[in-house]
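# Structural overview
Letter by letter, the chains look like this.
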Amino acid sequence: MRLTTKGRFAVTAMIDLALRQNNGPVTLAAISQRQRIPLSYLEQLFGKLRRHELVESTRGPGGGYTLARKATEITVADIIVSVDEPIDSTQCGGKENCLGESGRCMTHDLWSALNQRMVEFLDAVTLQKLVDDQVAKGVQVEEKPAVRRAISTTPVVKPIRVNAPNSVFALGNAFAKS
């Protein structure tokens, strides 16, 4: 079995989400920026994760994604299978037709046993364990990300009011009054 970027990115994004969801929904843009995963790719992965009920989405301002179940109830196998990543090291994809019509290859049982062990291993590793591992390594999780507003936080300096005429006509009127 060779785990592709699809499976790697899905597990990485789910760890990031689980680390930060206590502060509210996490945006895919934030995950994309922190983990250097293309946003369009994350959108595809999270669509599949949502259909498999591993994550929930919240729309609107302040929206994003949260886990649909507790991190202790989500396994790495759940994540990998939900993004259509095959956990199979047989050449035939488990169909037992490695040699075509003539049946299985001589090593089919070996690769099938390896598949079983991989599934058992990935099914034993929970998302919570991966999160705990990251916390133990010292990964810093910001409390609440700073909200960027369109309005500047610097005080507005009021312009100096000048009592000077602003046109030729106003200038002429100013001289006529004097």
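Residues numbered from 1 in each chain as written. Predicted model: local features only at pLDDT ≥ 70, side-chain atom pairs only at ≥ 80, totals over all residues. Heavy atoms only, no water.

The name that an unreviewed UniProt entry assigns to the protein chain is Fe-S cluster assembly transcription factor, with the source organism given as Giesbergeria sinuosa.

## Points about the packing of helix H2 (residues 28–35) against helix H3 (residues 39–51)
Just so we agree on the cut-off: Throughout, an axis means a line fitted to C-alpha atoms (over the contacting stretch in the case of helices), and angles, computed between N-to-C directions, take values from 0 to 180 degrees. Under the DSSP-based scheme used, a helix requires at least four consecutive residues in state H or I and a strand at least two consecutive residues in state E, with every element numbered from the N terminus. An angle below 35 degrees is read as roughly parallel, one above 145 as roughly antiparallel, one from 65 to 115 as roughly perpendicular, and any other as oblique. Less than a right angle of anticlockwise turn of the near helix away from the far helix marks a crossing as left-handed, whereas a clockwise turn marks it as right-handed. Throughout, a contact is declared for two residues whenever any of their heavy atoms are within 4.5 Å. When residue character is reported, Ala, Val, Leu, Ile, Met, Phe, Trp, Tyr, Cys and Pro are called nonpolar, Asp, Glu, Lys and Arg charged, and the others, Gly included, polar.
Closest axis-to-axis distance for the H2/H3 pair is 9 Å, and the angle between their directions is 125 degrees. The orientation of H2 relative to H3 falls into the category oblique. Handedness of the H2/H3 crossing: right-handed. Counted together, Leu28, Ala29, Ile31 and Ser32 of H2 and Leu39, Leu42, Glu43 and Phe46 of H3 form the full contact between these two elements. Of the residues contributing to the contact of H2 with H3, the split by class is six nonpolar, one polar and one charged.

## As for the packing of aromatic side chains
This is how the line gets drawn: Between the rings of Phe, Tyr and Trp (Trp by its six-membered ring), a pair exists once the centres lie within 6.5 Å; its type follows the angle of the planes, with under 30 degrees stacked, over 60 edge-to-face, and the other angles tilted. Residue exposure (1.4 Å probe, protein chains only): buried if accessible area is under 20% of the type maximum, exposed if over 50%, otherwise partly exposed.
Here the structure, examined in full by the defined rule, presents two aromatic pairs. A centroid spacing of 5.6 Å and a plane angle of 85 degrees characterise the contact between Phe9 and Tyr41, whose relative ring orientation is edge-to-face. With Phe9 in helix H1 (residues 5–20) and Tyr41 in helix H3, the pair connects residues that are 32 residues apart, well separated along the chain. We classify Phe9 as partly exposed; its relative accessible area is 24%. Relative accessible area serves as the criterion here: at 23%, Tyr41 is assigned to the partly exposed category.

## Here's the deal with the nonpolar core
Inclusion rule: The criterion is simple. A nonpolar core is a set of buried Ala, Val, Leu, Ile, Met, Phe, Trp, Tyr and Cys residues joined through side-chain atoms within 4.5 Å.
Counting 34 residues, the largest nonpolar core has Met14, Leu17, Phe46, Leu67, Ile79 and Leu127 as its most contacted members. When contributions to this core are tallied by element, the ones reaching two or more residues are H1, H2, H3, strand E2 (64–67), helix H4 (76–82), helix H5 (108–124) and helix H6 (127–136). If you tally residues by element for this core, the top one is H1, at eight residues. Look past the residues within four positions of Leu17 in its chain and what remains in contact with it is Val26, Ile31, Phe46, Val55, Tyr65, Thr66 and Leu67.

## Regarding H5
Let me state the cut-off plainly: Helices are assigned an expected span. That span is 1.5 Å times one less than the residue count. Along the arc lie the directions from the helix axis toward the C-beta atoms.
Relative to the 24 Å expected for 17 residues at 1.5 Å per residue, H5 spans 24 Å between its end C-alpha atoms, a close match to the ideal helical length. Looking only at H5, the buried set comprises His108, Asn115, Met118 and Leu122. End-on view of H5: buried residues confined to an arc of 85 degrees, all on one side of the axis. Exposed and facing more than 90 degrees away from the buried side of H5 are Arg117, Phe121 and Ala124.

## Some thoughts on the pairing of strand E1 (residues 55–58)
Selection criterion: Strands pair, by our definition, only if DSSP identifies at least two bridges between them.
The pairing of E1 with E2 spans four bridges and is classified as antiparallel. Counted as the bridge partner of Thr58 is Gly64 from E2. A loop of five residues connects E1 with E2, the two strands running antiparallel in sequence, and Gly60 in this loop sits at a positive phi of about 90 degrees.

## Focus on unusual backbone geometry
In this structure, Arg36 is a non-glycine residue whose phi angle is positive, near 55 degrees. Within the secondary structure, Arg36 is located in the loop between H2 and H3. With a phi close to 60 degrees, Glu53 is a non-glycine residue in the positive phi region. Note that Glu53 resides in the loop between H3 and E1.

## Side note on a nonpolar patch on the surface
We apply this condition: Two joining distances apply to patches: 9 Å for like charges and 5 Å for nonpolar side chains (Val, Leu, Ile, Met, Phe, Trp, Tyr), and every residue must have over 30% relative accessible area and no salt bridge. Note that accessible areas follow from Shrake-Rupley with a 1.4 Å probe, and for residues the cover is restricted to the protein chains shown. Only one rule defines a salt bridge in this text: a Lys or Arg side-chain nitrogen within 4 Å of an Asp or Glu carboxyl oxygen.
Side chains of Leu110, Trp111 and Leu114 sit close together on the surface and give an oily, nonpolar patch of about 260 Å² of accessible area. Residue classification places Leu114 among the partly exposed positions, given a relative accessible area of 35%.

## Topic: the packing of H1 against H2
The interhelical angle for the contact between H1 and H2, taken along N-to-C directions, is 115 degrees, at an axis separation of 10 Å. Taken together, H1 and H2 sit at an angle that is classed as roughly perpendicular. As H1 runs across H2, the sense of the crossing is right-handed. Contact residues: H1 offers Thr12, Ala13, Asp16, Leu17 and Arg20, while H2 offers Ile31, Arg34 and Gln35. Counted by class, the contact of H1 with H2 contains three nonpolar, two polar and three charged residues.

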